[in-house]
Amino acid sequence: MPTVTIDNQEFEFEGNPILLQFCLDHDIELPHFCYHPAMSAPANCRQCLVEIGTPEIDRGTGEPRLDEDGNPVIRFFPKMMTGCSEDISDGMVVKTHRSSELVREAQKDNLEFLLINHPLDCPICDQAGNCPLQIQAYKYGPEGSRFEFRKVSKPKHIELGPRVVLDAERCINCTRCTRFTTEISESHQLTIIERSVWNYPMTPPGVDFDEPYSMNVIDICPVGALTSKDFRFKARVWEMSSTPSITIGNAKGSNCFYWVKDNLVQKVTPRTNMEVNEYWLPDEDRLDYDVFNENRPEGPTIAGQSASWDDAKTAAADLLKNVDANGIVFLGSAFACVEDNYLLGELASALGAAAPSYIQHIEPGAGDGWLITDDKTPNASGCERLGIRPLDATLLRSRIQGGDVKLLYVLQDDPVAAGICEAADLAGVSVILHHTNTTNETLVAANVALPAATVVETVGTFVNQDGHAQRVWPSKAIRGVNRTLSMEIGKSRADKHGTPFDRWFDEDHLVDCQPGWVVIPEIADLLDIELRFKGPRDIMLKVSSENEAFGGATYDAMAEPGVRLVDVGAEV
Amino acid sequence: MTDFIKDPVILMPERHPEPVFSTEELVFTAEETRQIATWVSQYPTADGAIMKVLWMAQEKFGFLPPEVIRLSAGALGMPYARAFGVATFYTQYFKSKKGRYVLDVCTCFSCQICGGYDMLHYLEEKLGAHAGETTDDGLFTIQEVECLGACGSAPMLQITNGPYVMNLTEEKIDALIDALKRDQLPFFSSVTLPQDEDDLGGNRRTDVRDTLTYSAPPVAKTLG
Ligand code: SF4
Ligand code: FES
Ligand code: FES
């Protein structure tokens, strides 16, 4: 196998790796700004300079020339080369800053140049603490600057579009943002204008930067030049915790981090998963986090009156006990996780009621064939795989109006808002509702309302429209104590947020809600139905072993990247 | 540039300017379209021809407001943003309306050392307009530009992307302005180099003797 020597250490390689990427993949940190694995390499930041040599080939024999000791003679390029634009070749010898003084000096000088006109306004910059320029200047940069003149000042807080703000002074002209619009989103809305010290990225006149993926440039900008209009000045990166999870605004299940401060979600950023969303996240997935923070219920209610959890569960059990199974309709939910839907299905069958169905939320034409889908729910595929089918809305409506339905059990959805029936139609129906927000229009008709944990508060599994099963971790704490949640939050968040020992611990904004996998088994218990599991982990162990459509989807196997499930034919 | 060093502020261009030309005006004629097709066939991809198309558009419309750049990009099926980036990169493309004659005074290294700024300031005072501005009568626009590749005959200026005027002196500028006011454009003369003609086997231009290259190398006042 061909080999390359980097800082006196030999590595084998296959194919045609790019030197910079190869180093990064092998935990050799090479400072860089403009290179991004998903885009072309313009090699314009010059930060990834290294010394590169290749074996000298004897023209006569075509063999490498050997020195007295029998080692190949290495001829170094006369100048340093950029690692991001060099393919590795057999026998190549590379010296990075770890072994070359020349490279160290070059990196330092290059940073001095990059910082000449940089405003160094880190104390008021959103990127501070999470900024490649800041980090690399600190690690590899010079002590000071020799530039004695006034720095060039460029346009500041320019709204490039409805969601992205530009601070041109901070820009180092790496062109990542313009390459994103050219090569990835292909909106062609950005370009670098003017030249030399005058240049910075901009939309051409008459164009707004309003494409549906615009906010990705904020993530890939290696400085604080592009910031989020929504998030600007809201929180410093070290005040927040970030938890790996998925977005729930559509059926793609794009991987993300939820950033939480004071038990409120502050922003959503992409998490790399080459199987799902690669490096990107559509704007709509980033801006719908208000549902986690606002209009959240304050504990359970019975007939609109606050009640304790125990009383509410007992009331729900009593309602279920006192109706004929034929009169019970269970609505699963494409918003809820597989675990909750599974338990609901088990409960229904134990009671002898019909299997749950779920309300579809499809906006035809909303999808773009990439990360935005027509389906606006995160788990329709999970429901289908559990045998939960789309609801026949007309049928249910006529059954409700005909007085056939005595009890409606709704898991995380809103039949009234979905237009299935009017709240008034439910007057004669007992309604048990797991709701996440007080804006739920079915809430007024609910006899028992059981606040449900959202994706940022629970542990659970979601299956995207391509059959990719992914689990989520709790990003923020709920009121009340649950061992599984405390354990998982401890695992997912290094800062132990949510425990009283954490210095960010904050009683405010804790929502009094509970995951379905807590509430449903307890209700079942009251009905003498055996539905106990140690936790969602065990539920998925059972589901994945019993149901082929979930084969392999255990928590351990899913971990962070998720598991691609078997194809079960037509997906939703 | 001197002003810029003292007060290096780059202002935000207008994001949504009113168009200068109407939609009826914004068309390429059949002949121009044929010309564009010929250029396109000379490049591996169509957008390679953007420089030429922008040039032609500038000749036709006089300058390149955004809508003309959009038209040029459209003619090649390339993104407007990219064409705009190209157009703003080069000082030779005029993004706003200029005077009848654009005087591009070079103040890059060689010209600067040989008195480029002296020439620029002399011109500015003489015409009563700063670099980047147009005289009130609309006759002259002064621009400060980077190296135009005539360093051997520094300091120099270029007239409206056309003829060079080399080895500038104040007298030469006076004469030039007088001539331009009479609409007499100097002939294009290429660069002369101060080497010995004999060494080059006579492979020289013929107007060497007319220049001051040998006798009076211009030197910036500040360099004494
Ligand atoms: S704004 Fe950011 S991403 Fe865009 S060119 Fe400047 S530094 Fe690079
Ligand atoms: S990362 Fe190599 S030059 Fe920018
Ligand atoms: S420096 Fe003026 S022409 Fe080169």
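Model, not experiment: these values are computed from the prediction. (Residues numbered from 1 in each chain as written. Chains lettered and ligands numbered in written order. Predicted model: local features only at pLDDT ≥ 70, side-chain atom pairs only at ≥ 80, totals over all residues. Heavy atoms only, no water.)

Engineer: Tell me about the overall build of chain B, residues and numbers included.
Structural biologist: Broken down by element type, chain B carries eight helices and four strands. Mapped from its N terminus to its C terminus, chain B presents α and β elements in the order α-α-α-α-α-β-α-α-β-β-β-α. Considering chain B as a whole, with its 224 residues, one finds that 43% of them fall into the buried category. Residue pairs in contact within chain B that sit at least 24 positions apart in sequence constitute 61% of those at least 6 positions apart. Here chain B displays about 12,200 Å² of accessible surface, and carbon together with sulfur accounts for 56% of that area. (Helix = DSSP H or I, 4+ residues; strand = E, 2+ residues; numbered from the N terminus. Buried < 20%, exposed > 50% of the residue type's maximum accessible area, 1.4 Å probe, protein only. Contact = heavy atoms within 4.5 Å. Areas by Shrake-Rupley, 256 points an atom, 1.4 Å probe, with all protein chains shown as cover.)

Engineer: Which residues make up the overall build of chain A, and what are the values?
Structural biologist: Secondary structure summary: chain A contains 15 helices and 25 strands in total. When its C-alpha atoms are laid out on the principal axes, chain A stretches across 95 × 55 × 50 Å. Contacts spanning at least 24 positions in sequence make up 66% of the contacts within chain A whose residues lie at least 6 apart. For chain A, the distance from the average position of its 51 positive side-chain charges to the average position of its 86 negative side-chain charges is 5 Å. (Lys, Arg positive; Asp, Glu negative; His and termini not counted. Charge placed at Lys NZ, Arg CZ, Asp CG, Glu CD.)

Engineer: Can you break down helix α9 (residues 338-351) of chain A residue by residue, with the values?
Structural biologist: With 14 residues, α9(A) extends 20 Å from end C-alpha to end C-alpha; this agrees with the ideal 20 Å at 1.5 Å per step. Listed in full, the buried residues belonging to α9(A) are Val338(A), Glu339(A), Asp340(A), Asn341(A), Tyr342(A), Leu343(A), Leu344(A), Leu347(A) and Ala348(A). (Expected span 1.5 Å × (residues − 1).)

Engineer: An account of the packing of aromatic side chains is needed here, citing residue identities and associated values.
Structural biologist: All names here are of chain A. Going through the model one piece at a time under the given rule, you end up with 15 aromatic pairs over all chains. Taken together, a centroid distance of 4.3 Å and an interplanar angle of 35° make the contact between Tyr213 and Trp370 tilted. Of this pair, Tyr213 sits in the loop between β10 (200-202) and α5 (216-220) while Trp370 sits in the loop between β18 (357-358) and α10 (380-385), and the two are 157 residues apart along the sequence. By relative accessible area, Tyr213 is classed as buried at 3%. Residue classification places Trp370 among the partly exposed positions, given a relative accessible area of 27%. (Phe/Tyr/Trp six-rings, centres within 6.5 Å; stacked < 30°, edge-to-face > 60°.)

Engineer: Could you give me a rundown of the site of ligand 1, with the residues and numbers involved?
Structural biologist: Around ligand 1, the surrounding shell holds 13 residues, and the nearest of these are Cys171(A), Cys174(A), Thr175(A), Cys177(A) and Cys221(A). The site holding ligand 1 turns out to be the largest cavity. (Near = heavy atom within 4 Å. 1 Å grid on protein atoms, 1.4 Å probe; cavity = no way out; pocket = protein on both sides within 12 Å on 5 of 7 lines; lining within 4 Å. Sits in = over half its atoms within 2 Å of the grid points.)

Engineer: Give me the lowdown on helix α2 (residues 101-114) of chain A, citing residues and values where you can.
Structural biologist: Given 3.6 residues per turn, any residue in an α-helix points the same way as the ones three and four places further on. Residue and element names in this part refer to chain A. For α2, built from 14 residues, the straight-helix expectation of 20 Å at 1.5 Å per residue is met to within 8% by its first-to-last C-alpha distance of 20 Å. Buried within α2 are the following residues: Val103, Ala106, Gln107, Asn110, Leu111, Glu112 and Leu114. Residues of α2 that are buried in the fold lie against β3 (49-55), β6 (92-95) and α3 (132-140).

Engineer: Which residues make up the domain arrangement of chain A, and what are the values?
Structural biologist: Residue and element names in this part refer to chain A. Examined at the domain level, chain A breaks down into domain 1 (3-113), domain 2 (116-228) and domain 3 (301-455 + 513-554). Relative placement of domain 1 and domain 2: their C-alpha centres are 28 Å apart. Every contact between the two is made by 20 residues of domain 1 and, on the other side, 23 residues of domain 2. For the pair domain 1 and domain 2, the summed buried area comes to about 1,800 Å², and 54% of that belongs to carbon and sulfur atoms. Summed over the three residues of domain 1 that lose the most area to domain 2, namely Phe33, Met39 and Glu112, the buried surface amounts to 39% of that side. Two residues, Arg146 and Glu112, come together in a salt bridge whose shortest N-O distance is 2.7 Å. Seen at the junction of domain 1 and domain 2, the total is 13 residue pairs in polar contact (both at pLDDT 80 or more). Within the side of domain 1 that touches domain 2, the residues separate by chemical class into nine nonpolar, seven polar and four charged. (Domains from an automatic or database assignment. Buried area = accessible area lost by both parts, 1.4 Å probe. Salt bridge = Lys/Arg side-chain N within 4 Å of Asp/Glu carboxyl O. Polar contact = N/O pair within 3.5 Å; in protein donor to acceptor, adjacent residues only side chain to side chain. Nonpolar A, V, L, I, M, F, W, Y, C, P; charged D, E, K, R; others polar.)

Engineer: Would you mind going over the sheet that holds strand β22 (residues 448-449) of chain A in detail, with residue names and values included?
Structural biologist: All names here are of chain A. Strand order in this open sheet of eight strands is β16-β15-β22-β21-β20-β17-β18-β19, and the pairing throughout is mixed. Edge strands, defined here as strands with exactly one partner in the open sheet, are β16 (305-306) and β19 (389-390). Of the pairings in the sheet, the one linking strand β21 (residues 430-434) to β22 comprises two bridges and is parallel in character. Bridging across to β22, Ile432 finds its partner in Val448. (Pairing = 2+ DSSP bridges.)

Engineer: Go over the confidence of the model for chain B, please, and point to the residues and values.
Structural biologist: Residue and element names in this part refer to chain B. Per-residue confidence for chain B gives a mean pLDDT of 87; residues scoring 70 or more make up 83%. Averaged pLDDT values for the elements of chain B fall to 73 in helix α1 (residues 2-6) and rise to 98 in helix α4 (residues 66-76). The ipTM value of the predicted complex is 0.89, and its pTM value is 0.91. (pLDDT = per-residue confidence, 0-100.)

Engineer: Any details on the state of the cysteines? Residues and values, ideally.
Structural biologist: Residue and element names in this part refer to chain A. Within this structure, the stated rule accounts for zero disulfides over all chains. In this model Cys125 remains outside any disulfide bridge; the closest cysteine sulfur is found in Cys131, 6.2 Å from its own. For Cys125, a relative accessible area of 5% corresponds to the buried category. (Disulfide = S-S within 2.5 Å.)

Engineer: Could you give an account of empty space enclosed by the protein, naming the residues involved and the relevant values?
Structural biologist: Residue and element names in this part refer to chain A. A complete count under the given rule lists three cavities of 30 Å³ or more for this structure. Within this model, the largest cavity holds a volume of roughly 80 Å³. Along the wall of the largest cavity there are 13 residues; nearest its centre are Cys171, Cys174, Cys177, Pro201 and Cys221. Grouping the constituent residues of the lining of the largest cavity by class yields 11 nonpolar, two polar and no charged. (Points joined across faces, edges and corners; volume = space filled by probe spheres on them.)

Engineer: Outline the nonpolar core, listing residues and values.
Structural biologist: If you look at the biggest cluster of nonpolar residues, it comprises 71 residues, and the most contacted ones within it are Leu160(A) and Leu166(A). A per-element tally of this core places helix α3 (residues 50-61) of chain B first, with six residues. Apart from the residues lying within four places of it in its own chain, the contact partners of Leu160(A) are Leu166(A), Leu190(A), Met202(A), Thr203(A), Asp208(A), Phe209(A), Leu226(A) and Arg15(B). Ranked by size, the runner-up nonpolar core spans 64 residues in total, among them Ala316(A), Leu485(A), Val511(A) and Trp517(A). (Core = buried A, V, L, I, M, F, W, Y, C linked by side-chain atoms within 4.5 Å.)

Engineer: Provide a residue-level description of the sheet that holds strand β13 (residues 255-261) of chain A, including the pertinent values.
Structural biologist: All names here are of chain A. Taken together, three strands build an open sheet; the order of strands is β12-β13-β14 and the sheet is antiparallel. Of all strands in the sheet, those with a lone pairing partner are β12 (241-246) and β14 (264-270), marking the two edges. Neighbour-to-neighbour, the strand axes of the sheet open up by a mean angle of 30°, direction not taken into account. (Axes fitted to C-alpha atoms, helices over the stretch in contact; angles between N-to-C directions.)

Engineer: For the interface of chain B and chain A, give the residues involved together with the corresponding values.
Structural biologist: One frequent convention defines the size of an interface as the accessible area lost when the parts assemble. On the side of chain A, 28 residues touch chain B, which itself brings 27 residues to the contact. Carbon and sulfur atoms supply 63% of the area buried between chain B and chain A, which totals about 2,200 Å² over both sides. One can count two salt bridges joining chain B with chain A. For Arg150(A), the salt bridge identified is with Asp7(B), shortest N-O distance 3.1 Å. There are 13 residue pairs in polar contact (both at pLDDT 80 or more) connecting chain B and chain A. The set of elements that each furnish at least two residues to the side of chain B that touches chain A consists of α1, α4 and α5 (80-89) of chain B. Here the residues of the side of chain B that touches chain A sort into 17 nonpolar, four polar and six charged.

Engineer: Now, about a negative patch on the surface: what can you tell me, with residues and values included?
Structural biologist: Residues and elements named next belong to chain A. Taken together, the side chains of Asp230, Asp288, Asp290 and Glu294 define an acidic patch exposed on the protein surface. In this structure, Glu294 sits in the loop between α7 (290-293) and β15 (301-302). We classify Glu294 as partly exposed; its relative accessible area is 43%. (Patch = residues over 30% accessible without salt bridge, like charges linked within 9 Å, V, L, I, M, F, W, Y side chains within 5 Å.)

Engineer: Just give me the short version of the side chain of Thr191(A), but keep the residues and values in it.
Structural biologist: Locating Thr191(A) in the fold gives a position in strand β9 (residues 191-193). Residue Thr191(A) is classed as buried on the basis of its relative accessible area, which comes to 8%. With residues near it in sequence (within four places) discarded, Thr191(A) still touches Thr178(A), Tyr200(A), Pro201(A), Met202(A), Ala81(B), Arg82(B), Phe84(B) and Gly85(B).

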